[in-house]
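Residue-level structure breakdown
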Amino acid sequence: MNYKTISIIGLGYIGLPTAAVFASRKIKVIGVDINQTAVDTINRGQIHIVEPDLDMVVQAAVSAGYLRATTKPEPADAFLIAVPTPFKADHNGDHEPDLCYIEAASRAIAPVLKQGDLVILESTSPVGTTEQMAAWLAAARPDLTFPQTHGETSDIRVAYCPERVLPGHVLRELMQNDRVIGGVTPKCSEAAAQLYKIFVQGECVITSARTAEMCKLTENSFRDVNIAFANELSIICDKLDINVWELIKLANRHPRVNILQPGPGVGGHCIAVDPWFIVSQTPDQARLIRTAREVNDSKPEWVIDKVKLAVADYLQANPNKTAKDVTIACFGLAFKPDIDDLRESPALAIALAVAQKNWGRVLLVEPHILGLPQAFEDIPNVGLATAEEGVTTANILVLLVDHREFIDMSQKFAEHVCVIDTRGILNS
Ligand code: SAJ
């Protein structure tokens, strides 16, 4: 199979780096996105998302003429669909995934498909989505044959190949990580593996489409369950007056124990989402996975209760003061350390809940952002502050993200009288 032109549908956090990496291998890449602003930005050689070094790779690919973005699909030899799979808007706690973007992308590329093309789904999806995508394509193109009905003789090859890159390290992980390739038939897998081998230095491991879909969900559920264990331990240890950070360090000295780190909750767009895809498909069986989600989702509330207790303690120790006199500094708003991504961040949710209590001043210390996040704009007495201002002015410090800068000043935090440390920075 000779891939001269590759089309990536969805130019977000996965699609754009993938498009840029193919283009950097001197393959013609047509990026497709419904967002005209994103398309225009990319065609100027710039990027609309935050990811280290991606700007340089996109700039080079666009100026060399290998990468071009458009809103309308064009013919290509391979199509990679990397669009979001959010929850359905009207969910009642059942967190059902919404495949409307995958359906729209399938319908959009169907008219330009030709015999010999390969279609790969990369979006995180519930088990069975690749078969569903192939059915949408087949319904739109009755003149072509597809592997679900024609097996190895089909005109079009279809596969599921999940991404597994870590935000902040996307370019490196795209190339170095092993890749799971789930073809609808063995020939589909072979075609997809050949495509990824253009840039993947890791191994391309072949399986079925359903197993590949479940594999992606399993990886993130595994992490969620393990973080939930750490978060539950932190709550148990708090009750028993044990330092959870010391406890985990000690337990991890066992050769077969490797406990993850507790935190203020689980954020981002993957770990807190993907396990629900398993739960919504098999609600009676996925008991542990559901409970892990609930444990992690309830952690921010537990932290907010700790702040309430700290305020009450402060007022008891200072009977001449009112809640309006209490200054609270929240250290970190991002969903994890050393990035500026605030989306689905438990730290942001906690800081917002604290600010909305309308106690005294709330200082937000987030070295990775320049302006006050929109959510805080209408709340009085909230402002961005430097770490130094936070430590020296606030009565209560709430450590929410273990940014390198905060770890480096752990001694200063340790000297403060009231610190709520959700990340173990005092023990670092
Ligand atoms: N977290 C903890 N304790 C830990 C580790 C993480 O509380 O010990 C929290 C983080 O602070 C953050 C959340 O979990 O709020 C998620 O962060 P993360 O670094 O675990 O994962 P993501 O969401 O950045 O990326 C994950 C990765 N999946 C796995 O590690 C199994 C990545 O490889 C996937 O490609 C990505 O999800 C995705 O796109 O699915």
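All values reported here derive from a predicted model rather than from experimental measurement. (Residues numbered from 1 in each chain as written. Predicted model: local features only at pLDDT ≥ 70, side-chain atom pairs only at ≥ 80, totals over all residues. Heavy atoms only, no water.)

Tracing the backbone through its elements, the reader meets Ser7 in strand 1 (residues 5–9). If sequence neighbours within four positions are ignored, Ser7 has contacts with Ile30, Val32, Ala76, Ala78, Phe79 and Leu80. (Helix = DSSP H or I, 4+ residues; strand = E, 2+ residues; numbered from the N terminus. Contact = heavy atoms within 4.5 Å.)

Another aspect to go through is the sheet that holds strand 6 (residues 157–160). With mixed pairing, the eight strands of this open sheet are ordered in space as 3-2-1-4-5-6-7-8. Strands at the two margins of the open sheet, each flanked by one partner only, are strand 3 (67–70) and strand 8 (204–208). Adjacent strand axes in the sheet meet at a mean angle of 25° when their direction is disregarded. Bridge analysis of strand 1 against strand 2 (residues 28–32) gives five bridges, and the strand direction is parallel. Of the residues in strand 2, the one forming a bridge with Thr5 is Lys28. (Pairing = 2+ DSSP bridges. Axes fitted to C-alpha atoms, helices over the stretch in contact; angles between N-to-C directions.)

Turning our attention to the site of the ligand. If you check the shell around the ligand, you find 20 residues, and the closest are Val165, Lys216, Asn220, Arg223 and Gln261. Within the backbone of Gln261, a nitrogen or oxygen atom sits 2.7 Å from a nitrogen atom of the ligand. With respect to the ligand, the backbone of Phe335 contributes an N or O atom lying 2.7 Å from an oxygen atom. Protein contacts shield 89% of the accessible area of the ligand, which totals 770 Å² for the unbound molecule. Residue contributions to the shell around the ligand peak at five residues, all from helix 9 (residues 209–240). Class assignment of the residues belonging to the shell around the ligand gives a composition of nine nonpolar, three polar and eight charged. Shared between two domains, the shell around the ligand takes at least three residues from each, and those domains are domain 1 (5–202) and domain 2 (244–427). (Near = heavy atom within 4 Å. Polar contact = N/O pair within 3.5 Å; in protein donor to acceptor, adjacent residues only side chain to side chain. Areas by Shrake-Rupley, 256 points an atom, 1.4 Å probe, with all protein chains shown as cover. Nonpolar A, V, L, I, M, F, W, Y, C, P; charged D, E, K, R; others polar. Domains from an automatic or database assignment.)

To continue, consider the environment of Val205. Relative to the assigned elements, Val205 resides in strand 8. The class of Val205 is partly exposed, set by a relative accessible area of 38%. Setting aside residues no more than four positions away along its own chain, Val205 makes contact with Arg179, Val180 and Ile181. (Buried < 20%, exposed > 50% of the residue type's maximum accessible area, 1.4 Å probe, protein only.)

Two numbers describe how helix 12 (residues 287–317) lies on helix 13 (residues 346–356): the axes approach to 10 Å, and their chain directions differ by 40°. The two elements helix 12 and helix 13 cross, and the hand of that crossing is right-handed. Contact residues: Pro300, Val303, Ile304 and Val307 in helix 12; Pro346, Ile350, Ala353 and Val354 in helix 13. Grouping the amino acids of the contact of helix 12 with helix 13 by side-chain chemistry returns eight nonpolar, no polar and no charged. (Left-handed = near helix turned anticlockwise from the far one by under 90°.)

Each regular strand carries side chains that alternate between the two faces of the sheet. Across the two faces of strand 12 (residues 396–399) the burial is the same, with Ile396 and Val398 and Leu397 and Leu399 all buried. Relative to strand 12, strand 9 (residues 328–331) runs parallel, the two sharing four bridges. Residue pairing in the sheet places Phe331 in a bridge with Leu399 of strand 12. With three bridges joining them, strand 12 and strand 13 (residues 419–421) adopt parallel strand pairing. Each bridged residue has a counterpart across the sheet, and for Leu399 the counterpart in strand 13 is Asp421.

Attention now moves to helix 2 (residues 36–43). Here helix 2 has its buried residues at Ala38, Val39, Thr41 and Ile42. Along the axis of helix 2, the buried positions cluster into a sector of 165°, meaning they face one direction only. The inward-facing, buried residues of helix 2 abut helix 1 (15–24), helix 3 (54–63) and strand 3. With a side-chain oxygen positioned 2.9 Å from the backbone nitrogen of Thr37, the residue opening helix 2 is Asn35. In the segment just after helix 2, Gly45 is the residue with positive phi, at about 85°. (Arc of directions from axis to C-beta.)

Taken as a whole and assessed by the stated rule, the structure comprises two cavities of 30 Å³ or more. One number sums up the size of the largest cavity: a volume of about 50 Å³. Lining the largest cavity are Lys324, Val354, Ala355, Asn358, Trp359, Gly360, Val362, Pro380, Asn381 and Val382. A per-class count over the lining of the largest cavity returns six nonpolar, three polar and one charged. Within this model, the second largest cavity holds a volume of roughly 40 Å³. (1 Å grid on protein atoms, 1.4 Å probe; cavity = no way out; pocket = protein on both sides within 12 Å on 5 of 7 lines; lining within 4 Å. Points joined across faces, edges and corners; volume = space filled by probe spheres on them.)

In terms of domains, the chain is made up of domain 1 (5–202) and domain 2 (244–427). One C-alpha centre belongs to domain 1, the other to domain 2; they are set 35 Å apart. Each partner contributes to the interface: domain 1 provides 14 residues, whereas domain 2 provides 10 residues. Both sides together, the interface formed by domain 1 and domain 2 hides about 1,100 Å², and carbon and sulfur atoms give 64% of it. Contact with domain 2 buries surface across domain 1, with Phe87, His95 and Pro167 losing the most and accounting together for 35% of the total. Where domain 1 packs against domain 2, one counts zero salt bridges. Counting the contacts that link domain 1 with domain 2 gives two residue pairs in polar contact (both at pLDDT 80 or more). A breakdown of the residues in the side of domain 1 that touches domain 2 according to their chemical character gives eight nonpolar, four polar and two charged. (Buried area = accessible area lost by both parts, 1.4 Å probe. Salt bridge = Lys/Arg side-chain N within 4 Å of Asp/Glu carboxyl O.)

The next subject is the nonpolar core. Formed by 42 residues in total, the largest nonpolar core has its most connected members in Leu67, Ile120, Leu195 and Tyr196. At six residues, the largest contribution of residues to this core is made by helix 1. Apart from residues no more than four positions distant in its own chain, Ile120 is found in contact with Phe79, Leu80, Ile81, Ala159, Cys161, Ala192, Leu195 and Tyr196. Phe335, Ala353, Leu364 and Cys418 belong to the second-largest nonpolar core, a separate cluster that totals 35 residues. (Core = buried A, V, L, I, M, F, W, Y, C linked by side-chain atoms within 4.5 Å.)

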